[in-house]
Amino acid sequence: MPPGYGYGGGYGGPPAGPPPSNYLVPAILTTLFCCLPFGIVSIVFAAQVNSKWAMGDVRGAQDSSQKAKTWATVSAIAGGVILILYIIVFALAASHSNTSNP
Amino acid sequence: MIATAARQRAAVIGVGAAAVGAAAVLALGDPNRGGFPQCPFHRVTGLWCPGCGTQRALHSLLHLNLAHAFHENALAMCALPFLVYAYVAWCTRVFAIDGAPRLRHPAAPVWLTSALPAVVIGFAVVRNLPFGRVLAP
């Protein structure tokens, strides 16, 4: 079933069909676990999806949906990179202390 | 279509396995003692971010100390039931069993999703202020 464009993008009310995914769950997860401000940016865009959709702003809702997805992805990747760097540093520190012990 | 369904099932199992693995690490280890990754935002700025204390909160929760879990990160504890529901609903939709109900994706009312950025940012601000210590980990 195609997404509804029944109101021609007018601002009268919610269009027919389901709104685009708001990516709220990944936004919350990356905010809680990646500890970077990117997750909050994702929550801000996620929050705009359904309110824009309710106003009949189809393009705006799709735009916010894409931005919420992008920022959740950025936050997840940044969190993953930091986690890997942390593990490398931790492993190096552990091996260094092992070899330097008399 | 079949490939998409298989990929969705793999995603559900992957997320579940990651959650179980993380829970096992947080239950058996102790994030209060170090050896766990620190929040980079807290490391750099010294401020509490909205996620700070989540690892310790989950550790306390897995040891059934709900009060201490809320003390470490009340926001994460409030979000947890919704995240669990979202996962269960995702499972019922991806693993559609005949006759079993398929839970809808959590469709939060607009006022709630609209308020969420203010709640998260407000939580982050208050827990860094002197009178908001009760919300700081």
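What you are looking at is a predicted structure, and each value in this text was computed from that prediction instead of being measured.

The rules behind the values
- Residues numbered from 1 in each chain as written.
- Chains lettered and ligands numbered in written order.
- Predicted model: local features only at pLDDT ≥ 70, side-chain atom pairs only at ≥ 80, totals over all residues.
- Helix = DSSP H or I, 4+ residues; strand = E, 2+ residues; numbered from the N terminus.
- Contact = placed C-beta atoms within 7 Å.
- Nonpolar A, V, L, I, M, F, W, Y, C, P; charged D, E, K, R; others polar.

Visitor: It is not clear to me how the overall build of chain A should be interpreted in this structure. Could you clarify?
Guide: Helices and strands together make up the secondary structure of chain A, namely 3 helices and 0 strands. When the elements of chain A are put in sequence order from the N terminus, they spell out α-α-α. Considering only intrachain contacts with a sequence separation of at least 6, the fraction spanning at least 24 residues in chain A is 62%.

Visitor: How should the interface of chain B and chain A be read in this particular structure?
Guide: Where interface size is quoted, it is often the accessible area lost as the parts come together. At the interface, 21 residues of chain B touch 21 residues of chain A. Of all the secondary-structure elements, those providing two or more residues to the side of chain B that touches chain A are helix 2 (40-45), helix 5 (74-94) and helix 6 (110-126) of chain B. Top contributing element to the side of chain B that touches chain A by residue count: helix 6 of chain B, with 7 residues. For the side of chain B that touches chain A, a count of residues per class yields 17 nonpolar, 4 polar and no charged.

Visitor: Can you help me understand unusual backbone geometry in this one?
Guide: Leaving glycine out, the prevailing phi sign among residues is negative, and the prevailing peptide bond configuration is trans. A positive phi angle is found at Y23(A), which is not glycine, with a value near 55 degrees. One can find Y23(A) in the segment before helix 1 (24-34). Of note in this structure, L64(B) is not a glycine but carries a positive phi near 60 degrees. Among the structural elements, L64(B) can be located in the loop between helix 3 (54-62) and helix 4 (66-72).

Visitor: Sorry if this is basic, but what is going on with the environment of F95(B) here?
Guide: Position of F95(B) among the secondary structure elements: in the loop between helix 5 and helix 6. Separated by 34 residues in the primary sequence, F95(B) and L61(B) place their C-alpha atoms 29 Å from one another.

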